[in-house]
Amino acid sequence: MPSILIIDDNASVATALEVLFSVHDIDAMHALSPDEGLALLEQQPVDLVIQDMNFTEDTTSGEEGEALFQQIRGRHPDLPVILLTAWTHLSSAVDLVKAGAADYLAKPWDDRKLLTTVNNLLELSETRRELDRRRAREQRDRNALEARYDLRGAVVADPASERVVNLACQVARSELPVLITGPNGAGKEKIAEIIQANSLVAKGPFVALNCGAIPSELIEAELFGTEAGAYTGANKAREGKFEAADGGTLFLDEIGNLSLGGQMKLLRVLETGRFERLGSNRERQVKVRVISATNADLPAMIRDGEFREDLYYRLNTVELALPPLAERPGDILPLAERFLGDGKPLSNAAASALQRHAWPGNVRELRNVIQRAGLLAQGPRIEVADLNLPRAAAPRAAAPTADPDRSRIESALSHSHGIIAQAAAELGLSRQALYRRMDRYGIPRE
(Lines give C-alpha, C1' and ligand atoms only; values in the text may rest on other atoms or scores of the structure.)
Protein backbone atom coordinates (compact mmCIF):
# COMPACT_ATOMS: atom_id res chain seq x y z
CA MET A 1 0.00 0.00 0.00
CA PRO A 2 1.41 3.45 -0.90
CA SER A 3 2.34 5.77 1.94
CA ILE A 4 1.83 9.54 2.24
CA LEU A 5 3.19 11.94 4.85
CA ILE A 6 1.08 15.03 5.63
CA ILE A 7 2.96 17.91 7.30
CA ASP A 8 0.50 20.53 8.56
CA ASP A 9 0.17 22.26 11.94
CA ASN A 10 -3.62 22.16 11.64
CA ALA A 11 -4.70 18.79 13.09
CA SER A 12 -8.15 19.00 11.49
CA VAL A 13 -6.59 19.40 8.04
CA ALA A 14 -4.32 16.40 8.62
CA THR A 15 -7.22 14.28 9.91
CA ALA A 16 -9.43 15.18 6.94
CA LEU A 17 -6.70 14.17 4.52
CA GLU A 18 -6.00 10.92 6.38
CA VAL A 19 -9.67 9.96 6.20
CA LEU A 20 -9.85 10.86 2.49
CA PHE A 21 -6.82 8.71 1.62
CA SER A 22 -7.81 5.76 3.82
CA VAL A 23 -11.10 5.48 1.93
CA HIS A 24 -9.03 5.10 -1.27
CA ASP A 25 -6.59 2.48 0.09
CA ILE A 26 -3.74 4.90 0.66
CA ASP A 27 -1.87 4.82 3.95
CA ALA A 28 -1.41 8.31 5.44
CA MET A 29 0.37 9.65 8.51
CA HIS A 30 0.79 13.21 9.66
CA ALA A 31 3.25 15.49 11.40
CA LEU A 32 2.32 18.81 13.00
CA SER A 33 5.68 20.56 12.46
CA PRO A 34 8.56 20.59 9.96
CA ASP A 35 10.95 18.99 12.46
CA GLU A 36 8.49 16.19 13.22
CA GLY A 37 7.93 15.63 9.50
CA LEU A 38 11.66 15.48 8.72
CA ALA A 39 12.16 13.01 11.58
CA LEU A 40 9.41 10.74 10.22
CA LEU A 41 11.00 10.82 6.77
CA GLU A 42 14.21 9.48 8.26
CA GLN A 43 12.43 6.71 10.16
CA GLN A 44 10.31 5.06 7.48
CA PRO A 45 9.86 5.03 3.70
CA VAL A 46 7.33 7.46 2.23
CA ASP A 47 6.05 7.68 -1.34
CA LEU A 48 4.78 11.26 -1.30
CA VAL A 49 4.68 14.33 0.95
CA ILE A 50 1.88 16.88 1.26
CA GLN A 51 3.08 19.93 3.15
CA ASP A 52 1.61 23.23 4.28
CA MET A 53 3.34 26.55 3.55
CA ASN A 54 3.02 28.07 7.03
CA PHE A 55 3.44 26.62 10.52
CA THR A 56 3.46 29.59 12.87
CA GLU A 57 0.20 31.27 13.88
CA ASP A 58 -0.57 34.50 11.97
CA THR A 59 2.30 33.81 9.53
CA THR A 60 1.38 34.00 5.82
CA SER A 61 4.68 34.62 4.06
CA GLY A 62 5.25 31.01 3.02
CA GLU A 63 8.90 31.19 4.07
CA GLU A 64 8.54 28.29 6.50
CA GLY A 65 7.07 26.08 3.78
CA GLU A 66 9.83 27.05 1.39
CA ALA A 67 12.50 26.18 3.96
CA LEU A 68 10.84 22.82 4.66
CA PHE A 69 10.60 22.03 0.97
CA GLN A 70 14.30 22.80 0.46
CA GLN A 71 15.23 20.52 3.36
CA ILE A 72 13.12 17.67 1.95
CA ARG A 73 14.56 18.19 -1.51
CA GLY A 74 18.10 18.17 -0.12
CA ARG A 75 17.64 14.93 1.81
CA HIS A 76 15.24 13.11 -0.55
CA PRO A 77 15.73 14.58 -4.05
CA ASP A 78 13.40 12.11 -5.79
CA LEU A 79 10.52 12.30 -3.29
CA PRO A 80 7.47 14.08 -4.82
CA VAL A 81 6.10 16.98 -2.73
CA ILE A 82 2.65 18.60 -3.06
CA LEU A 83 2.27 22.06 -1.56
CA LEU A 84 -0.93 23.19 0.21
CA THR A 85 -1.17 26.93 -0.08
CA ALA A 86 -3.50 29.85 0.52
CA TRP A 87 -3.99 32.42 -2.21
CA THR A 88 -1.95 34.99 -0.26
CA HIS A 89 1.29 33.20 -1.11
CA LEU A 90 0.36 31.45 -4.36
CA SER A 91 3.37 32.98 -6.15
CA SER A 92 5.73 31.30 -3.65
CA ALA A 93 4.19 27.91 -4.44
CA VAL A 94 4.55 28.53 -8.17
CA ASP A 95 8.23 29.34 -7.67
CA LEU A 96 8.71 26.12 -5.70
CA VAL A 97 7.05 24.09 -8.45
CA LYS A 98 9.60 25.57 -10.83
CA ALA A 99 12.27 24.51 -8.33
CA GLY A 100 11.06 20.90 -8.32
CA ALA A 101 7.86 20.59 -6.31
CA ALA A 102 5.45 18.11 -7.89
CA ASP A 103 2.35 20.35 -7.67
CA TYR A 104 0.48 22.84 -5.50
CA LEU A 105 -3.15 22.96 -4.39
CA ALA A 106 -4.99 25.91 -2.92
CA LYS A 107 -6.93 25.62 0.33
CA PRO A 108 -9.68 24.57 0.52
CA TRP A 109 -8.80 21.81 -1.90
CA ASP A 110 -10.96 19.83 -4.26
CA ASP A 111 -10.97 16.16 -3.17
CA ARG A 112 -11.25 14.81 -6.70
CA LYS A 113 -8.41 16.94 -8.04
CA LEU A 114 -6.22 16.10 -5.04
CA LEU A 115 -6.82 12.36 -5.47
CA THR A 116 -6.09 12.54 -9.19
CA THR A 117 -2.83 14.38 -8.53
CA VAL A 118 -1.81 11.98 -5.76
CA ASN A 119 -2.61 8.84 -7.77
CA ASN A 120 -0.68 10.13 -10.78
CA LEU A 121 2.35 10.92 -8.64
CA LEU A 122 2.20 7.59 -6.81
CA GLU A 123 2.05 5.71 -10.10
CA LEU A 124 4.96 7.75 -11.43
CA SER A 125 6.94 6.98 -8.26
CA GLU A 126 6.21 3.27 -8.60
CA THR A 127 7.30 3.38 -12.24
CA ARG A 128 10.52 5.10 -11.22
CA ARG A 129 11.18 2.53 -8.52
CA GLU A 130 10.53 -0.35 -10.91
CA LEU A 131 12.91 1.23 -13.40
CA ASP A 132 15.55 1.76 -10.70
CA ARG A 133 15.21 -1.86 -9.57
CA ARG A 134 15.50 -3.11 -13.13
CA ARG A 135 18.54 -0.94 -13.80
CA ALA A 136 20.15 -2.18 -10.59
CA ARG A 137 19.56 -5.81 -11.64
CA GLU A 138 20.92 -5.13 -15.10
CA GLN A 139 23.98 -3.42 -13.67
CA ARG A 140 24.63 -6.37 -11.36
CA ASP A 141 24.31 -8.75 -14.31
CA ARG A 142 26.71 -6.62 -16.39
CA ASN A 143 29.23 -6.47 -13.55
CA ALA A 144 29.06 -10.25 -13.18
CA LEU A 145 29.50 -10.66 -16.94
CA GLU A 146 32.55 -8.37 -16.97
CA ALA A 147 34.04 -10.15 -13.96
CA ARG A 148 33.64 -13.61 -15.49
CA TYR A 149 34.58 -12.98 -19.12
CA ASP A 150 37.01 -10.93 -21.21
CA LEU A 151 34.75 -8.53 -23.11
CA ARG A 152 37.60 -6.91 -25.06
CA GLY A 153 36.57 -3.46 -23.90
CA ALA A 154 33.10 -3.73 -25.44
CA VAL A 155 30.40 -1.32 -24.27
CA VAL A 156 27.52 -3.43 -22.94
CA ALA A 157 25.00 -1.00 -21.46
CA ASP A 158 21.75 -2.03 -23.13
CA PRO A 159 19.86 -5.26 -22.30
CA ALA A 160 19.73 -6.14 -26.02
CA SER A 161 23.50 -6.03 -26.45
CA GLU A 162 24.00 -7.72 -23.08
CA ARG A 163 21.93 -10.70 -24.22
CA VAL A 164 24.05 -11.12 -27.35
CA VAL A 165 27.35 -10.77 -25.47
CA ASN A 166 26.18 -13.16 -22.76
CA LEU A 167 25.29 -15.80 -25.35
CA ALA A 168 28.59 -15.20 -27.18
CA CYS A 169 30.49 -15.87 -23.96
CA GLN A 170 28.45 -19.02 -23.27
CA VAL A 171 29.23 -20.57 -26.68
CA ALA A 172 32.84 -19.35 -26.78
CA ARG A 173 34.39 -22.48 -25.26
CA SER A 174 32.72 -24.84 -27.70
CA GLU A 175 34.28 -25.61 -31.08
CA LEU A 176 31.04 -25.07 -32.98
CA PRO A 177 30.94 -22.56 -35.86
CA VAL A 178 29.13 -19.33 -35.04
CA LEU A 179 27.24 -17.06 -37.44
CA ILE A 180 26.82 -13.43 -36.39
CA THR A 181 24.04 -11.58 -38.20
CA GLY A 182 23.25 -7.89 -38.11
CA PRO A 183 23.52 -4.67 -40.13
CA ASN A 184 26.77 -3.11 -41.26
CA GLY A 185 28.59 -1.17 -38.57
CA ALA A 186 26.71 -2.77 -35.67
CA GLY A 187 29.81 -4.32 -34.08
CA LYS A 188 29.85 -7.91 -35.39
CA GLU A 189 33.66 -8.11 -35.38
CA LYS A 190 33.74 -7.06 -31.72
CA ILE A 191 31.43 -10.00 -30.90
CA ALA A 192 33.80 -12.28 -32.80
CA GLU A 193 36.73 -10.94 -30.76
CA ILE A 194 34.83 -11.66 -27.54
CA ILE A 195 34.20 -15.25 -28.66
CA GLN A 196 37.89 -15.70 -29.48
CA ALA A 197 39.06 -14.15 -26.19
CA ASN A 198 36.96 -16.56 -24.14
CA SER A 199 37.51 -19.67 -26.25
CA LEU A 200 39.78 -22.68 -25.77
CA VAL A 201 42.04 -21.18 -28.47
CA ALA A 202 42.23 -17.73 -26.90
CA LYS A 203 46.05 -17.79 -27.12
CA GLY A 204 45.96 -18.69 -30.79
CA PRO A 205 45.81 -16.23 -33.70
CA PHE A 206 42.70 -14.23 -34.56
CA VAL A 207 42.59 -13.71 -38.32
CA ALA A 208 39.87 -11.63 -40.00
CA LEU A 209 38.92 -11.51 -43.66
CA ASN A 210 36.24 -9.26 -45.11
CA CYS A 211 34.89 -11.29 -48.00
CA GLY A 212 33.07 -8.23 -49.30
CA ALA A 213 36.31 -6.25 -49.72
CA ILE A 214 38.08 -8.85 -51.89
CA PRO A 215 37.25 -9.44 -55.58
CA SER A 216 35.41 -12.73 -55.94
CA GLU A 217 38.17 -14.23 -58.10
CA LEU A 218 40.74 -13.58 -55.34
CA ILE A 219 38.79 -14.69 -52.26
CA GLU A 220 39.79 -18.36 -52.67
CA ALA A 221 43.43 -17.38 -52.89
CA GLU A 222 43.04 -15.29 -49.71
CA LEU A 223 41.38 -18.16 -47.88
CA PHE A 224 43.45 -21.12 -49.02
CA GLY A 225 46.71 -19.60 -50.23
CA THR A 226 48.53 -20.07 -53.56
CA GLU A 227 51.51 -21.86 -54.97
CA ALA A 228 53.97 -20.06 -57.19
CA GLY A 229 52.66 -19.92 -60.76
CA ALA A 230 49.07 -20.70 -59.76
CA TYR A 231 47.95 -17.70 -61.80
CA THR A 232 49.48 -14.73 -63.57
CA GLY A 233 51.38 -12.61 -61.09
CA ALA A 234 51.71 -15.37 -58.45
CA ASN A 235 55.51 -15.33 -58.37
CA LYS A 236 55.88 -17.10 -55.01
CA ALA A 237 53.95 -19.34 -52.70
CA ARG A 238 51.76 -17.63 -50.14
CA GLU A 239 49.80 -19.05 -47.22
CA GLY A 240 46.09 -18.26 -46.92
CA LYS A 241 43.99 -17.19 -44.00
CA PHE A 242 43.24 -20.77 -42.93
CA GLU A 243 46.92 -21.53 -42.50
CA ALA A 244 47.50 -18.21 -40.73
CA ALA A 245 44.63 -18.99 -38.32
CA ASP A 246 45.75 -22.57 -37.57
CA GLY A 247 45.33 -23.17 -33.83
CA GLY A 248 43.13 -20.10 -33.48
CA THR A 249 40.08 -18.37 -34.95
CA LEU A 250 39.22 -17.27 -38.48
CA PHE A 251 36.59 -14.53 -38.73
CA LEU A 252 34.91 -14.36 -42.13
CA ASP A 253 32.96 -11.13 -42.46
CA GLU A 254 30.38 -10.62 -45.23
CA ILE A 255 30.31 -14.39 -45.84
CA GLY A 256 27.45 -13.91 -48.30
CA ASN A 257 29.94 -12.49 -50.83
CA LEU A 258 31.81 -15.78 -51.13
CA SER A 259 31.50 -17.38 -54.57
CA LEU A 260 29.75 -20.72 -54.97
CA GLY A 261 33.09 -22.38 -55.71
CA GLY A 262 34.59 -20.83 -52.59
CA GLN A 263 31.55 -21.92 -50.59
CA MET A 264 32.06 -25.54 -51.64
CA LYS A 265 35.73 -25.47 -50.59
CA LEU A 266 34.88 -23.73 -47.32
CA LEU A 267 32.31 -26.42 -46.55
CA ARG A 268 34.94 -29.10 -47.07
CA VAL A 269 37.37 -27.36 -44.72
CA LEU A 270 34.68 -27.03 -42.07
CA GLU A 271 33.86 -30.72 -42.32
CA THR A 272 37.39 -32.18 -42.64
CA GLY A 273 39.88 -29.47 -41.77
CA ARG A 274 41.61 -30.20 -45.11
CA PHE A 275 42.20 -28.00 -48.17
CA GLU A 276 44.67 -27.40 -51.01
CA ARG A 277 46.35 -24.19 -51.97
CA LEU A 278 45.48 -22.89 -55.43
CA GLY A 279 47.82 -24.57 -57.91
CA SER A 280 48.68 -27.43 -55.55
CA ASN A 281 47.49 -31.00 -55.20
CA ARG A 282 48.89 -31.45 -51.72
CA GLU A 283 46.32 -31.47 -48.94
CA ARG A 284 46.98 -29.43 -45.84
CA GLN A 285 45.43 -30.00 -42.43
CA VAL A 286 44.43 -27.19 -40.05
CA LYS A 287 42.41 -26.85 -36.87
CA VAL A 288 40.54 -23.56 -36.99
CA ARG A 289 37.48 -22.20 -35.19
CA VAL A 290 35.42 -20.41 -37.85
CA ILE A 291 33.22 -17.45 -36.97
CA SER A 292 31.34 -15.85 -39.85
CA ALA A 293 29.21 -12.75 -40.12
CA THR A 294 26.82 -11.25 -42.61
CA ASN A 295 24.30 -8.48 -43.09
CA ALA A 296 22.71 -10.39 -45.97
CA ASP A 297 19.53 -12.45 -45.92
CA LEU A 298 21.17 -15.84 -46.40
CA PRO A 299 17.88 -17.82 -46.52
CA ALA A 300 16.76 -15.57 -49.40
CA MET A 301 20.11 -16.12 -51.13
CA ILE A 302 19.61 -19.88 -50.72
CA ARG A 303 16.20 -19.61 -52.42
CA ASP A 304 17.82 -17.65 -55.26
CA GLY A 305 20.59 -20.24 -55.66
CA GLU A 306 23.29 -17.80 -54.51
CA PHE A 307 24.27 -19.55 -51.28
CA ARG A 308 24.66 -23.22 -50.46
CA GLU A 309 22.07 -24.49 -48.01
CA ASP A 310 24.41 -27.13 -46.58
CA LEU A 311 27.06 -24.46 -45.89
CA TYR A 312 24.46 -22.21 -44.26
CA TYR A 313 23.47 -24.90 -41.75
CA ARG A 314 27.11 -25.75 -41.15
CA LEU A 315 27.97 -22.11 -40.42
CA ASN A 316 25.07 -21.22 -38.16
CA THR A 317 25.20 -24.08 -35.68
CA VAL A 318 24.94 -21.13 -33.31
CA GLU A 319 23.50 -17.85 -34.60
CA LEU A 320 23.97 -14.55 -32.77
CA ALA A 321 21.66 -11.79 -34.02
CA LEU A 322 23.15 -8.39 -33.17
CA PRO A 323 20.45 -5.67 -33.26
CA PRO A 324 21.08 -2.30 -34.92
CA LEU A 325 22.17 0.53 -32.64
CA ALA A 326 18.71 2.13 -32.79
CA GLU A 327 17.36 -0.96 -31.00
CA ARG A 328 20.06 -0.70 -28.32
CA PRO A 329 19.42 2.85 -27.05
CA GLY A 330 21.18 2.19 -23.77
CA ASP A 331 24.47 1.78 -25.66
CA ILE A 332 24.37 5.14 -27.45
CA LEU A 333 25.67 7.53 -24.78
CA PRO A 334 28.21 5.10 -23.24
CA LEU A 335 29.61 4.48 -26.74
CA ALA A 336 29.72 8.23 -27.42
CA GLU A 337 31.62 8.80 -24.18
CA ARG A 338 34.02 5.99 -25.09
CA PHE A 339 34.71 7.62 -28.47
CA LEU A 340 35.18 11.04 -26.84
CA GLY A 341 37.78 9.74 -24.42
CA ASP A 342 39.25 12.67 -22.49
CA GLY A 343 37.92 15.20 -25.00
CA LYS A 344 35.15 17.75 -24.67
CA PRO A 345 31.97 16.52 -22.94
CA LEU A 346 28.53 16.45 -24.54
CA SER A 347 25.98 19.09 -23.62
CA ASN A 348 22.61 17.81 -22.39
CA ALA A 349 20.99 18.91 -25.64
CA ALA A 350 23.62 17.09 -27.70
CA ALA A 351 23.16 13.93 -25.65
CA SER A 352 19.39 14.09 -26.25
CA ALA A 353 19.98 14.59 -29.98
CA LEU A 354 22.18 11.48 -30.10
CA GLN A 355 19.46 9.43 -28.46
CA ARG A 356 16.80 10.68 -30.89
CA HIS A 357 18.84 9.95 -34.03
CA ALA A 358 17.97 6.78 -35.98
CA TRP A 359 21.63 5.74 -36.59
CA PRO A 360 21.25 4.01 -39.97
CA GLY A 361 25.05 3.58 -39.98
CA ASN A 362 25.01 2.08 -36.48
CA VAL A 363 28.12 2.17 -34.25
CA ARG A 364 30.38 3.13 -37.16
CA GLU A 365 28.25 6.21 -37.87
CA LEU A 366 28.20 7.16 -34.19
CA ARG A 367 31.99 6.93 -33.97
CA ASN A 368 32.42 9.14 -37.04
CA VAL A 369 29.92 11.72 -35.75
CA ILE A 370 31.57 11.92 -32.33
CA GLN A 371 35.12 12.09 -33.65
CA ARG A 372 34.21 14.85 -36.10
CA ALA A 373 32.30 16.82 -33.47
CA GLY A 374 35.16 16.51 -30.98
CA LEU A 375 37.54 17.89 -33.57
CA LEU A 376 35.40 20.79 -34.80
CA ALA A 377 33.56 21.96 -31.66
CA GLN A 378 34.61 25.49 -30.70
CA GLY A 379 33.04 25.77 -27.25
CA PRO A 380 33.84 23.97 -24.00
CA ARG A 381 31.16 21.37 -24.76
CA ILE A 382 29.93 19.57 -27.85
CA GLU A 383 26.60 21.12 -28.84
CA VAL A 384 23.85 19.88 -31.15
CA ALA A 385 25.15 21.94 -34.08
CA ASP A 386 28.59 20.35 -33.72
CA LEU A 387 27.08 16.89 -34.31
CA ASN A 388 25.79 17.90 -37.75
CA LEU A 389 23.07 15.26 -37.64
CA PRO A 390 20.55 15.20 -40.51
CA ARG A 391 16.99 16.19 -39.79
CA ALA A 392 14.83 13.12 -39.33
CA ALA A 393 11.51 12.94 -41.13
CA ALA A 394 8.54 12.91 -38.79
CA PRO A 395 7.37 9.30 -38.38
CA ARG A 396 3.93 8.45 -39.68
CA ALA A 397 1.66 7.51 -36.80
CA ALA A 398 0.21 4.05 -37.10
CA ALA A 399 -3.52 3.72 -36.71
CA PRO A 400 -4.19 2.06 -33.36
CA THR A 401 -6.14 -1.16 -33.31
CA ALA A 402 -9.20 -1.55 -31.14
CA ASP A 403 -7.48 -4.02 -28.82
CA PRO A 404 -3.73 -4.79 -28.81
CA ASP A 405 -2.80 -8.36 -29.67
CA ARG A 406 -0.06 -10.43 -28.03
CA SER A 407 2.72 -9.19 -30.33
CA ARG A 408 1.89 -5.51 -29.69
CA ILE A 409 1.82 -6.09 -25.93
CA GLU A 410 5.16 -7.92 -25.99
CA SER A 411 6.65 -5.19 -28.17
CA ALA A 412 5.46 -2.46 -25.80
CA LEU A 413 6.85 -4.36 -22.79
CA SER A 414 10.18 -4.71 -24.59
CA HIS A 415 10.34 -1.00 -25.49
CA SER A 416 9.58 -0.04 -21.89
CA HIS A 417 12.00 -2.62 -20.45
CA GLY A 418 9.10 -4.28 -18.65
CA ILE A 419 7.83 -1.11 -16.93
CA ILE A 420 4.06 -1.72 -16.86
CA ALA A 421 3.02 1.94 -16.60
CA GLN A 422 5.07 2.91 -19.65
CA ALA A 423 3.89 -0.06 -21.70
CA ALA A 424 0.28 0.67 -20.77
CA ALA A 425 0.66 4.31 -21.82
CA GLU A 426 2.12 3.24 -25.19
CA LEU A 427 -0.85 0.92 -25.75
CA GLY A 428 -3.43 3.44 -24.52
CA LEU A 429 -4.48 1.19 -21.64
CA SER A 430 -4.64 1.44 -17.88
CA ARG A 431 -2.24 -0.70 -15.87
CA GLN A 432 -5.02 -3.04 -14.76
CA ALA A 433 -6.30 -3.38 -18.34
CA LEU A 434 -2.79 -4.29 -19.47
CA TYR A 435 -2.46 -6.85 -16.66
CA ARG A 436 -5.75 -8.46 -17.73
CA ARG A 437 -4.56 -8.80 -21.32
CA MET A 438 -1.18 -10.17 -20.19
CA ASP A 439 -3.00 -12.82 -18.17
CA ARG A 440 -5.26 -13.60 -21.14
CA TYR A 441 -2.29 -14.19 -23.46
CA GLY A 442 -0.20 -15.97 -20.85
CA ILE A 443 2.47 -13.26 -20.72
CA PRO A 444 4.24 -13.58 -17.36
CA ARG A 445 4.31 -10.67 -14.90
CA GLU A 446 7.90 -10.04 -13.82
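Residues numbered from 1 in each chain as written. Predicted model: local features only at pLDDT ≥ 70, side-chain atom pairs only at ≥ 80, totals over all residues. Heavy atoms only, no water.

Asker: What should I look at first to understand the overall build of the chain in this one?
Answerer: Looking only at helices and strands, the chain features 19 helices and 12 strands. Since a compact globule built from 446 residues should have a radius of gyration of about 22 Å, the 31 Å found for the chain marks it as more spread out than a globular shape. Considered along the principal axes of its C-alpha atoms, the chain spans approximately 105 × 55 × 45 Å. Considering the chain as a whole, with its 446 residues, one finds that 44% of them fall into the buried category. Accessible surface computed for the chain: about 23,400 Å², of which carbon and sulfur atoms make up 49%. Computed over 52 positive and 64 negative side-chain charges, the inter-centroid distance for the chain is 8 Å. (Helix = DSSP H or I, 4+ residues; strand = E, 2+ residues; numbered from the N terminus. Rg over C-alpha atoms; globule rule 2.2 N^0.38 Å. Buried < 20%, exposed > 50% of the residue type's maximum accessible area, 1.4 Å probe, protein only. Areas by Shrake-Rupley, 256 points an atom, 1.4 Å probe, with all protein chains shown as cover. Lys, Arg positive; Asp, Glu negative; His and termini not counted. Charge placed at Lys NZ, Arg CZ, Asp CG, Glu CD.)

Asker: Just checking my understanding: could you explain the packing of aromatic side chains for this structure?
Answerer: The description of an aromatic ring pair uses the distance of the two centres, along with the angle that the planes make with each other. This model, assessed by the stated rule, comprises five aromatic pairs. With a centroid separation of 5.9 Å and 35 degrees between ring planes, the pair formed by Phe224 and Phe275 is classed as tilted. With a gap of 51 residues between them, Phe224 in helix α8 (residues 216-224) and Phe275 in strand β9 (residues 274-276) connect regions that are remote in the sequence. A single burial state applies to Phe224 and to Phe275, both of which are buried. Both rings, one in Phe242 and one in Phe275, keep their centres 6.2 Å apart while their planes meet at 35 degrees; by these two values the pair is tilted. Note that Phe242 is positioned in helix α9 (residues 241-244) and Phe275 in strand β9, a separation of 33 residues in sequence. Phe242 gets classed as buried once you look at its relative accessible area, which sits at 1%. Connected via pairs of aromatic rings, a cluster forms that spans Phe224, Phe242 and Phe275. (Phe/Tyr/Trp six-rings, centres within 6.5 Å; stacked < 30°, edge-to-face > 60°.)

Asker: Looking at this structure, I do not really get the pattern of salt bridges. What am I missing?
Answerer: Once the charged atoms of two side chains with opposite charge are near each other, the side chains can pair. Taken as a whole and judged by the stated rule, the model has 17 salt bridges. One salt bridge in this structure joins Lys287 and Glu175, with 3.5 Å as the shortest N-O distance. Pair noted here: Lys287 is in the loop between β10 (283-285) and β11 (289-294) and Glu175 is in the loop between α6 (159-171) and β6 (178-181), with a separation of 112 residues, a long-range link. Both residues of the pair, Lys287 and Glu175, belong to the exposed class. Linking Glu220 and Lys265 is a salt bridge whose minimum nitrogen-to-oxygen distance equals 2.9 Å. Placement of the pair is Glu220 in helix α8 and Lys265 in helix α10 (residues 260-272), with a sequence separation of 45 residues. Residues joined by salt bridges that share partners form a network here, namely Glu227, Glu243, Arg277 and Arg284. (Salt bridge = Lys/Arg side-chain N within 4 Å of Asp/Glu carboxyl O.)

Asker: For this particular structure, what's the right way to read the sheet that holds strand β5 (residues 103-106)?
Answerer: Sheet strands pair by backbone hydrogen bonding; their relative direction is either parallel or antiparallel. The parallel open sheet is built from five strands, whose spatial order is β2-β1-β3-β4-β5. Each edge of the open sheet carries a strand with a single partner, namely β2 (27-31) and β5. Taken pair by pair, the neighbouring strands of this sheet meet at an average axis angle of 20 degrees, ignoring direction. Note: strand β3 (residues 48-52) against strand β4 (residues 81-85), four bridges, orientation parallel. What sits directly across from Ile50, in β4, is Ile82. (Pairing = 2+ DSSP bridges. Axes fitted to C-alpha atoms, helices over the stretch in contact; angles between N-to-C directions.)

Asker: What is the right way to look at the side chain of Ser347 in this model?
Answerer: The residue Ser347 is located in the loop between α13 (332-340) and α14 (348-356) in this model. A relative accessible area of 6% places Ser347 in the buried class. Within the structure, the side chain of Ser347 is placed 3.1 Å from the backbone nitrogen of Ala350, a separation counted as a polar contact. Not counting the four nearest positions on each side in its chain, Ser347 is found in contact with Arg381, Ile382 and Glu383. (Polar contact = N/O pair within 3.5 Å; in protein donor to acceptor, adjacent residues only side chain to side chain. Contact = heavy atoms within 4.5 Å.)

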